[in-house]
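Structural overview for review
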Amino acid sequence: MLNTVEPVGTPEAVTAAAPILEVVEATKSFDGVYAVNGCSFSVRPGTITGLIGPNGAGKTTVFNLITGFLPLTSGQVLFEGTGITGLAPHSVVRRGIVRTFQIPREFKSMTVLENLMLVPHGQIGERPWGTWFFSKRVAQDEDRIYQKAVEVMRIVQLERLRDEFASNLSGGQKKLLELARTLMADPKMILLDEPGAGVNPTLAKQLMKNVESLRADRGITFLVIEHDMDLVTQHCDPVIVMSEGRRLMEGTVEEVKSDERVLEAYLGGQAVGRQTGTRN
Amino acid sequence: MKRERLMMPLLVILTTAALVLLPLDRSGGDISGTFDYVVQFGITFLIFAIMVIGLNIQLGYAGISNFGVAGFFLLGSYIAGLFVVPPATNQFVTYVGGFAKLFNPLPGLYTDQWLPFVAGTIAAGAACGILGGLLALLTPRLRFDYLAIATIGVAELLRAVATVQVGLVNGDRGLIGIPSPMQKLIPTDMYQIFLVVLLAVVLAVVYVAAERAVRSPWGRVLRALREDETATAAAGKNVFAFKTQAFILGAVIMGVAASFFTYYRRGLTPTDFEPLQGTFLFWVMLIVGGAGSNKGAIVGAYVVWGLWIASLQLTSYPMPEEISSRIPFVRFVLLGVFFVATLLVRPQGLVPEDRRVSRWVQRTVGRGGPLSTPAEPDTPDAVRP
Amino acid sequence: MTALDAAPVESTSTIPIRTRTLRENVSRRAFPVILVALALLAAVTETQLFVVGIIVGSVLSLGALGITITYGILKFPNLSHGLGLVLGGYLTLFFLTGAVRRSAQVAGDVNFPLRFDQLPGAGVKVLGLSFGYGFLLAVVVSAIVSIGIVLLLDKVVYGRLRKRGTGSALMLTIVSFGVAYIIVGVIDIVWGNIPRAITTGTHPANRYAFGILLKPDQIFIFIVAGVLTAAAYFIIYRTRMGKAMRATTDNPALARASGINTERVIRWTWILVAVLTAVAGSLLSLQAQLNPNLGLALLLPLFAAAAVGGIGNPLGALIGGLTVGIAQEVSVAFFAPGYKIGVAFVILAIVLLVRPTGILGTKE
């Protein structure tokens, strides 16, 4: 039940396989203002796909549309070939897509361990009667989830902070915690919203290294919104560029960097040079 | 820090002193009268403590603002009352009910000394649970602001129905002549004590159930969604389902408490369920005791209800009528001020909630759960590296 | 972090409330149409009740406007609003007659000399109204005192929670619930808990076209409510402060960032709400007897009215108030008057089920 990723993740399969995620003509309007307007793209399995674009291009809105946090005005989202349009956020998670937030949303009054143990789906103890009548099975469940949480903490190197309240973590550690939390859900695909923002470069590197190894070891697909072009250059392939609510182009980092339209989009938007420099 | 910890025992002692000394003084040293008074207080306190635990599951665990406790209170009380009250015999008394005699599924098992009361309590709990479920369906995602109004509305509506509807529950005059459980089996002078023991057992069961429910993965999810619904949904939890569960569970407990209120009072009128007594008092008990903590709920019920009741004794001291007649209302203001001041100065209440959630985690970790040892690689459920 | 600091507004509003698109589209168009059709039907078949409903509705609109403005700016449903109305009515009573209950048990008042009906000619009734100009003065002073009370409350209670940063919407709502009971207690202490009429004497109704019977008082209520509503809309939609208020409603963070002093906006919001509330309460006291328990009973119709038009939307409060007022009065033709509260609840339930954002809709 847990690690259900099939050998799709092997390099040979990558190019041949059907896209794991397809966004078809996604549109979202807020009171007539289009945040996303006919945006279409697809993500191949086993890639770390970058999603870049000037501020206000609609990247985070696309994340919200995929994960069910916002209802689509029109359009479709397909995951592994089946429609997930209009599913509630928790149902999307159960299909295997998990997201993080631009500003980490850790559960402040809970410890790192509890933050992680919360996540696994279908715990017997998640029903009140389960805790009344099946306490032995709940205890076994908790042991198992605890082991899993320990393993995940080891991957993201948060073991030492196991019993620390999440509110006491640094910005970067919170990002790591969010990544760890997604792992607890056994995802097939993780959407990272600006993993590098507000994190010191060392920690950002560690985080992206984790991402690389998770892709390699478990075949998890990543879709990453990132402004830091260094991180994008080092880790993302391919890169999708969004502008004004739609996909502008897609290609390797080199292709994107040399594309006239991309340059224009960034120049057209106000925040120009900042986007390409290192942000802290 | 230390002073704060003293506050709880001090208030409990103060309440107890007021409960014992004031009536003792007023009655001129009538010890048995005072004893009866304290026992009567004990019964109502136990009923209300159960009620407040119900509210705590809604408000304290899940952050669900039920401002219409009186509605649940009324529904549970009347349902239980209709189960056990004898059929109407007088043409001026009209109500449906008198189910007790009909309630005879297994002739050998039937005893009107206790079975109808069990059935009444179950029915009261079920009815309140259903009402909670309906409100959850009605209110989009149980958003607290809509829910606040919907619950206030339901409480007012139910009271209006009970008062206005002809032939339902006898309107203004209400239900009278409700029997109490095992009434005929226990000597009259011992009956109140019997009720105290019975209610203490019920309270203990409810308390253990509520504690176990919250110190579990279920409580963990509730804690998370209380803090951040969005992130909880992103972690794959059906936020609405969990909130609905907490809402219904709390409502069922309220129904159980309400049924015992009926059995104790032996008579009900719609005015028993006005929002002050029916809702606000329970809120004050929970907030003062500490939202999120079941111990706090019990302590809060004791302190608030104790001071509320005992302060009525003050009206019988000699003083100008202009003042004594106002004492009951001064209590309203003090109650409100107490409530608001607690929220401003000490929102965690007398007994703050535990910071840790699952008792199983503590056990696992406490057993020396290995920090650095990775999971067994071939445990099927463990994460594969 | 305590149990009550939970659920800040942002976090509650990010998961969408799912309504099926079909239902959404149908209800967006059908809802107002059905409403207007029902109103026309009522106007034809139950003309008298319909007209009375408009008058009741105009007062409810004032109350709902106060609720909706508070909700928009401060982001919480103020559960003490109904009590605010009732307190406004009692203050008017006090400044008009100086009446204070002598004792809660024995009937009879003590009348303070501070009273406007003793001014020369203040008690002379004109045009068949049940009051003289002393009443108008009393309303003005009641509004001023209400402003003082509300600003004090904001300083001592709400403002403190805001500043401390623990002012989650749930917390503010709970606190306002407590404030409501403090007001109940104060009214009980000062004026007793028996129902009170503000004016005395009988005042016959006049007959108008279509056999409508109206008292001059009712026409007065309608005119004052109309004028005040218009004034409130002028302030909200045509003045600088109104613009700042609307900006704060839409996006508090953005408003602050663009240099709007939100604390000042909040202060003026309270002042506006206090005036609306005190006048609405005074008008209410001309129509019905005052009693402290009225305050909580009023909450449901007021919030139902605010919800019909979409909580936070000032124009919606007007439509909602009239809807609820008319529906409640016309219902008397079919159900016992005791069920008026049920009518308000049914309206609220329909709105929540079919169109939680209200007829006019609000932004996500």
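Preceding this paragraph is the structure being described.
All of the points below concern the structure found in this document.

Scoring rules and cut-offs
- Residues numbered from 1 in each chain as written.
- Chains lettered and ligands numbered in written order.
- Predicted model: local features only at pLDDT ≥ 70, side-chain atom pairs only at ≥ 80, totals over all residues.
- Heavy atoms only, no water.
- 1 Å grid on protein atoms, 1.4 Å probe; cavity = no way out; pocket = protein on both sides within 12 Å on 5 of 7 lines; lining within 4 Å.
- Points joined across faces, edges and corners; volume = space filled by probe spheres on them.
- Helix = DSSP H or I, 4+ residues; strand = E, 2+ residues; numbered from the N terminus.
- Nonpolar A, V, L, I, M, F, W, Y, C, P; charged D, E, K, R; others polar.
- Core = buried A, V, L, I, M, F, W, Y, C linked by side-chain atoms within 4.5 Å.
- Buried < 20%, exposed > 50% of the residue type's maximum accessible area, 1.4 Å probe, protein only.
- Contact = heavy atoms within 4.5 Å.
- Pairing = 2+ DSSP bridges.
- Axes fitted to C-alpha atoms, helices over the stretch in contact; angles between N-to-C directions.
- Parallel < 35°, antiparallel > 145°, perpendicular 65-115°, else oblique.
- Left-handed = near helix turned anticlockwise from the far one by under 90°.
- Salt bridge = Lys/Arg side-chain N within 4 Å of Asp/Glu carboxyl O.

Approximately 1300 Å³ is the volume attributed to the second largest pocket. Forming the walls of the second largest pocket are 44 residues, and the residues nearest its centre are Ala288, Gln289, Asn291, Leu294 and Lys340 of chain C. Those elements that provide at least two residues to the lining of the second largest pocket are α6 (144-164) of chain B together with α3 (47-74), α7 (216-238), α10 (262-287), α11 (294-308), α12 (314-331) and α13 (340-354) of chain C. Among the residues forming the lining of the second largest pocket, the class breakdown is 21 nonpolar, 15 polar and eight charged.

Moving on to the nonpolar core. Generally speaking, nonpolar side chains in soluble globular proteins are found buried as a group. Core analysis: the biggest nonpolar cluster contains 284 residues, and Phe222 of chain A together with Trp283 of chain B have the highest contact counts within it. Looking at this core element by element, the count peaks at 18 residues for helix α2 (residues 31-62) of chain B. Ignoring sequence-local partners within four residues, the contact set of Phe222 of chain A consists of Thr47, Ile48, Thr49, Leu179, Ile190, Leu192, Val211, Leu214 and Arg215 of chain A. Counting 27 residues, the second-largest nonpolar core is a separate cluster that includes Leu51, Phe63, Val77 and Phe79 of chain A.

With that settled, the discussion passes to the sheet that holds strand β2 (residues 33-43) of chain A. Residues and elements named next belong to chain A. Pairing in this open sheet of four strands is antiparallel, and the strands run β2-β1-β4-β5 from one edge to the other. Where the open sheet ends on each side, the last strands, each with one partner, are β2 and β5 (82-83). Strand direction decides the pairing type here: strand β4 (residues 74-79) and β5, joined by two bridges, are antiparallel. In the sheet register, Leu78 faces β5, and the bridge partner there is Gly83. Docked against the sheet, helix α2 (residues 59-66) engages β1 (21-30), β2 and β4, running at close to 70° with respect to β2.

Residue and element names in this part refer to chain B. Between helix α12 (residues 294-310) and helix α14 (residues 327-345), the least distance of the axes is 11 Å, while the angle of their chain directions is 160°. Classified by the interaxial angle, the pair formed by α12 and α14 is roughly antiparallel. By crossing handedness, the relation of α12 to α14 is classed as right-handed. Residues Val304, Trp308 and Ile309 of α12 pack against Arg331, Phe332 and Leu335 of α14.

Residues and elements named next belong to chain A. Spatial strand order, β6-β7-β8-β3-β9-β10: six strands in an open sheet with mixed pairing. This sheet does not close on itself; its edge strands, each paired only once, are β6 (97-99) and β10 (246-251). Across this sheet, the average inter-strand angle for adjacent strands is 20°, counted without regard to direction. Taken together, the five bridges between strand β9 (residues 239-243) and β10 define a ladder with antiparallel strand orientation. Looking at β10, one finds that Val239 is bridged to Gly251. Sitting on the sheet, helix α7 (residues 171-184) is in contact with β6, β7 (189-193) and β8 (221-225), with an inclination near 160° to β7.

Here the amide bond leading from Asp237 of chain A into Pro238 of chain A is cis, since omega sits at 0°, within 30 degrees of zero. When you line up the elements, Pro238 of chain A lands in the loop between α9 (229-235) and β9. Despite not being glycine, Gln157 of chain A shows a phi value in the positive range, around 60°. By the element assignment, Gln157 of chain A lies in the loop between α6 (135-156) and α7. With relative accessibility at 49%, the residue Gln157 of chain A sits in the partly exposed group. One non-glycine residue, Asn170 of chain B, adopts positive backbone phi at about 70°. Tracing the sequence through the fold places Asn170 of chain B in the loop between α6 and β1 (175-176). For Asn170 of chain B, a relative accessible area of 4% puts it in the buried group.

Reports of interface size often rely on the accessible area that becomes lost once the parts have come together. With 65 residues of chain C in contact, the opposing surface of chain B contributes 58 residues. Counting across the interface, chain C meets chain B through zero salt bridges. Of all the secondary structure elements, the ones that give two or more residues to the side of chain C that touches chain B are α1 (9-13), β1 (99-101), α5 (133-164), α6 (169-191), α11 and α13 of chain C. If one sorts the elements of the side of chain C that touches chain B by residue count, α6 of chain C sits on top with 17 residues.

What follows is about empty space enclosed by the protein. The probe, sized like a water molecule, is rolled over the atoms to show the empty space still left. A full pass over the atoms with the stated rule returns seven cavities of 30 Å³ or more. In this structure, the largest cavity encloses a volume near 220 Å³. Lining the largest cavity are 18 residues; nearest its centre among them are Ser80, Gly84, Val150, Leu153 and Thr277 of chain C. Counting residues per element, the ones that place at least two in the lining of the largest cavity are α4 (81-97), α5 and α10 of chain C. Taken together, the residues of the lining of the largest cavity break down into 11 nonpolar, seven polar and no charged. Here the second largest cavity defines a volume of roughly 80 Å³. Those elements giving two or more residues to the lining of the second largest cavity turn out to be α6 and α11 (275-289) of chain B together with α6 of chain C. Partitioning the lining of the second largest cavity into residue classes produces nine nonpolar, two polar and two charged.

The next thing to look at is the pairing of strand β3 (residues 48-52) of chain A. All names here are of chain A. Most of β3 is tucked away, with five of its five residues classed as buried. What you see with β3 is no split at all: Ile48, Gly50 and Ile52 on one side and Thr49 and Leu51 on the other are buried throughout. Note: β3 against β8, four bridges, orientation parallel. Along β8, the bridge assignment pairs Leu51 with Ile225. As paired elements, β3 and β9 share three bridges and run parallel to each other. Each residue of the ladder has a partner; that of Ile52, found in β9, is Val241.

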